[in-house]
Amino acid sequence: MVPVNLRTPDEVAAPDNRLFLTRIDLPGSTMPVGRRLARTRAVTPALKSAEHRTVLRAALTRLPRRLFERFVAAGTVPGRLTVCASYLVVRRRLHYGEAPVHRFDPIICCPPGVPMAVAAISYGDTTSACFRIDQALPDADSLPAHWRQALADLAATAPPATGSDPAPAGHTPAGRATPVVRALVTWLAQRSTAAGARRR
């Protein structure tokens, strides 16, 4: 599950979160880390597309609360071993008053039914990550070693090709909506405007 930013241009400075947790299926197992990253990049552009974000915003604002809660709960049942992951790139140098900001340390929690959550922030030439792991997860204590090994494997691979950096600020790569999003679009399209107004 990854948070998708749903802010509109006029909400850039608004307080609170404007996001939707959506599920994507990523490759894993014994696949080399470089190939996993390449395949991950291949399945995530749809999350950044304007079409996808418009649909998710409609779901957030137009679905009846009970149906919305069921929709979210379906993706986080314990049997699916859902992992929440959030990654933020801070592209501008920041200051706190006159003092420059040198580093970020992210903090994240495990939502109910989620055995592991990861947050990472890239700022300057440093990426910091925070893990929260439910100790009930089998072999949970082995995950830090897997993380260190993945970093070592990544460092041993060739550097990424030019142009493979994260999309610049404001860029929303084109991408087709996922099947779940297309189904949600269909459902929302069938709801009348009057019914939507009554729910508000």
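What counts as what
Residues numbered from 1 in each chain as written. Predicted model: local features only at pLDDT ≥ 70, side-chain atom pairs only at ≥ 80, totals over all residues. Heavy atoms only, no water. Helix = DSSP H or I, 4+ residues; strand = E, 2+ residues; numbered from the N terminus. Buried < 20%, exposed > 50% of the residue type's maximum accessible area, 1.4 Å probe, protein only. Contact = heavy atoms within 4.5 Å. Areas by Shrake-Rupley, 256 points an atom, 1.4 Å probe, with all protein chains shown as cover. Phe/Tyr/Trp six-rings, centres within 6.5 Å; stacked < 30°, edge-to-face > 60°. Core = buried A, V, L, I, M, F, W, Y, C linked by side-chain atoms within 4.5 Å. Pairing = 2+ DSSP bridges. Axes fitted to C-alpha atoms, helices over the stretch in contact; angles between N-to-C directions. pLDDT = per-residue confidence, 0-100.

## Some remarks on the overall build of the chain
Helix and strand counts for the chain come out as 7 helices and 7 strands. Helices and strands appear in the chain in the N-to-C order β-β-α-α-α-α-β-β-β-β-β-α-α-α. Relative to its full complement of 200 residues, the chain shows a buried share of 26%. Intrachain contacts of the chain at a sequence separation of at least 6 include 55% that bridge at least 24 residues. For the chain, the exposed area adds up to about 13,900 Å²; of that, 58% sits on carbon and sulfur atoms.

## Some remarks on the packing of aromatic side chains
Using the criterion set out here, one finds 3 aromatic pairs in the structure. Ring geometry for Phe20 and Phe68: centres 5.7 Å apart, planes at 75°, overall edge-to-face. Highlighted residues: Phe20 in strand E2 (residues 19-22) and Phe68 in helix H4 (residues 65-74), separated in sequence by 48 residues. Looking at Phe68, the relative accessible area reads 18%, which means it is buried.

## Here's the deal with the nonpolar core
Judged by nonpolar contacts, Val2, Val4, Leu6, Phe20, Ile24, Leu47, Leu56, Ala59, Leu63 and Phe68 together constitute the single largest core of 10 residues. Taken together, the elements giving at least two residues each to this core come down to strand E1 (2-5) and helix H3 (50-62). Membership of the second largest hydrophobic core comes to 7 residues, among which are Met1, Ile108, Val114 and Ala117.

## So, the sheet that holds strand E6 (residues 116-123)
Strands belonging to one sheet form pairs held by backbone hydrogen bonds; the direction of such a pair is parallel or antiparallel. Across the sheet, which stays open at both edges, the 3 strands sit in the order E3-E6-E7 with mixed pairing between neighbours. One side of each edge strand has no neighbouring strand; the edge strands of this open sheet are strand E3 (83-90) and strand E7 (126-133). When the angles between neighbouring strand axes are averaged without regard to direction, this sheet yields 10°. With 8 bridges joining them, E6 and E7 adopt antiparallel strand pairing. The partner of Ile121 across the bridge, within E7, is Ser128.

## Topic: the confidence of the model for the chain
Of the residues in the chain, 74% have a pLDDT of 70 or more, and the chain-wide mean is 75. When pLDDT is averaged over each helix and strand of the chain, the minimum, 37, is found for helix H7 (residues 193-199) and the maximum, 94, for strand E5 (residues 99-100).

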